[in-house]
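These are the residues of each chain, in order.
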Amino acid sequence: EVQLVQSGAEVKKPGESLKISCKGSGYSFTNYWIGWVRQMPGKGLQWMGIIYPGDSDTRYSPSFQGQVTISADRSISTAYLQWNSLKASDTAIYFCARQGQYMATLDYWGQGTLVTVSS
Amino acid sequence: QSALTQPASVSGSPGQSITISCTGTSSDVGGYTYVSWYQQHPGKAPKLIIYDVSNRPSGVSNRFSGSKSGNTASLTISGLQAEDEADYYCNSYTFSNTVVFGGGTKLTVL
C-alpha cells in the first residue's frame, strides 16, 4: 500500500527556521516525483514545487522560488520542505503528494502538516 | 503563473448532474492532456478523482467524468449524492514544467 506520512504540526515564531518531512512507503520512492502543496486557512490549493528523489531534480513554482527549499533523502525515502526565515503568512497546511504516471497527477497524498507562525 | 479559473460555487439537488469548469490558457490546459481533478472534504487531504483529462483512478465512481475543449476542462458529476458535497480543484501541467491549480469550487448538494 502506497503511503505518505508527514511530520507533525509545528508552532513557530517569525524569523525561525523549519523543516517538515514526508516519508514514502509501499512503492519505489526514487522513481516518482514528490510535490508540495500549500493550503492557507480557508483557501485553495497552491502548487509549490516538486522533486525527483532519484536524482534530486527540483522545480519550483515562481511564487515559491527562493522562499522555500525542497529536498529529499532517498536513503530513508523522505522528502523535505524547508524555510530559513518563517513569516506569519507561511501559516498554512502543507501537503506532500506523489506524482503518478502522468504529469500533474498527484495520486497519493500525505495527511498534511499544519504550520502556525505567530509571535 | 496565474491560477486556473473555476467557479467559486455550484449547487445541485440529489440525483441531478452538475458541471464544474476549469479555464486556463494554451500554455497549460489548452496545451496538454495533463489535467487532473481532486475532491477535498473539510479537514481532509485532497483525493484524485480524474487524471489525464478524462481517466478515473481505480475505485472512483463512474458518476465522475472529465472532458476538455480548447483551454477549458470540465468535471461532470452525475446522480449527485450528499457525499459529493466537497471542494473540487483542477490542476494542469504548464509549459514551464510546473503545475498550476484552479482556485477551487465548493459544491453544495441541496
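Scroll up for the structure.
Residues numbered from 1 in each chain as written. Chains lettered and ligands numbered in written order. Predicted model: local features only at pLDDT ≥ 70, side-chain atom pairs only at ≥ 80, totals over all residues. Heavy atoms only, no water.

> Before we move on, can you summarise the state of the cysteines with the specific residues and values?
Summed over the entire model, instances satisfying the criterion amount to two disulfides over all chains. What pairs with A:C22 in a disulfide is A:C96, and their sulfur atoms sit 2.0 Å apart. Between A:C22 and A:C96 the sulfur-sulfur dihedral comes to about 75 degrees; the bridge is accordingly right-handed. One end of the pair, A:C22, is in strand 3 (residues 18-25); the other, A:C96, is in strand 9 (residues 92-99), and 74 residues separate them in sequence. Assessed through its relative accessible area of 0%, A:C96 is described here as buried. Between the sulfur atoms of B:C22 and its disulfide partner B:C90 the distance amounts to 2.0 Å. (Disulfide = S-S within 2.5 Å. Helix = DSSP H or I, 4+ residues; strand = E, 2+ residues; numbered from the N terminus. Buried < 20%, exposed > 50% of the residue type's maximum accessible area, 1.4 Å probe, protein only.)

> So what's going on with the sheet that holds strand 2 (residues 18-23) of chain B? Which residues, and what values?
All names here are of chain B. Spatially, 2-6-5 is the arrangement adopted by the three strands of the open sheet, whose pairing is antiparallel. Looking along the sheet, the strands with just one partner apiece sit at the ends: strand 2 and strand 5 (64-69). Across the sheet, the mean angle from the axis of one strand to that of its neighbour is 20 degrees, orientation sign disregarded. Direction of pairing for strand 5 relative to strand 6 (residues 72-77): antiparallel, over a ladder of six bridges. Pairing of S69 across the sheet is with T72, part of strand 6. (Pairing = 2+ DSSP bridges. Axes fitted to C-alpha atoms, helices over the stretch in contact; angles between N-to-C directions.)

> Which residues make up the interface of chain A and chain B, and what are the values?
Counting residues at the interface gives 21 residues for chain A, matched by 21 residues for chain B. Summing the contributions of chain A and of chain B, the shared interface buries around 1700 Å²; its carbon and sulfur component is 68%. Applying the counting criterion to the chain A and chain B interface returns zero salt bridges. One can count six residue pairs in polar contact (both at pLDDT 80 or more) joining chain A with chain B. At the level of secondary structure, the elements contributing two or more residues to the side of chain A that touches chain B comprise strand 4 (34-39), strand 5 (45-52), strand 6 (57-60), strand 9 and strand 10 (106-109) of chain A. When grouped by side-chain class, the residues that make up the side of chain A that touches chain B number eleven nonpolar, seven polar and three charged. (Contact = heavy atoms within 4.5 Å. Buried area = accessible area lost by both parts, 1.4 Å probe. Salt bridge = Lys/Arg side-chain N within 4 Å of Asp/Glu carboxyl O. Polar contact = N/O pair within 3.5 Å; in protein donor to acceptor, adjacent residues only side chain to side chain. Nonpolar A, V, L, I, M, F, W, Y, C, P; charged D, E, K, R; others polar.)

> So what about the side chain of A:R98? Which residues, and what values?
Residue and element names in this part refer to chain A. Along the chain, R98 falls in strand 9. At 2.8 Å, the side chain of R98 and the side chain of D107 are in polar contact. Leave out the neighbours within four places in its chain, and R98 touches V2, L4, Y27, Y32, W33, I34, T105, L106, D107 and Y108.

> Summarise the environment of B:T72; cite the residues concerned and give the values.
Residues and elements named next belong to chain B. For T72, the location among the structural elements is in strand 6. For T72, a relative accessible area of 25% translates into the label partly exposed. Once you skip the residues sitting within four places of it in the chain, T72 turns out to touch S21, C22, T23, V29 and S67.

> Requested: an account of the packing of aromatic side chains, with residues and values cited.
Pairs of aromatic rings are described using the distance from one ring centre to the other and the angle between the two planes. Across all of its chains, the model carries twelve aromatic pairs over all chains by this definition. Taking 5.4 Å as the distance between ring centres and 85 degrees as the angle between the ring planes, the aromatic pair formed by A:Y27 and A:Y32 counts as edge-to-face. The partly exposed category is assigned to A:Y32, whose relative accessible area is 27%. Arranged with centres 5.9 Å apart and planes meeting at 55 degrees, the rings of B:Y38 and B:F101 form a pair that is tilted. You can see B:Y38 sitting in strand 3 (residues 35-40) and its partner B:F101 sitting in strand 8 (residues 99-101), a full 63 residues away along the chain. Classification of B:F101 by relative accessible area gives buried; the value is 3%. Taken together, A:F95, A:W109, B:Y38 and B:F101 form an aromatic cluster joined through their ring pairs. Over the aromatic face of A:Y27 sits the side chain of A:R98, whose NZ or CZ is 4.8 Å from the ring centroid. (Phe/Tyr/Trp six-rings, centres within 6.5 Å; stacked < 30°, edge-to-face > 60°. Lys NZ or Arg CZ within 6 Å of the ring centre and 35° of its normal.)

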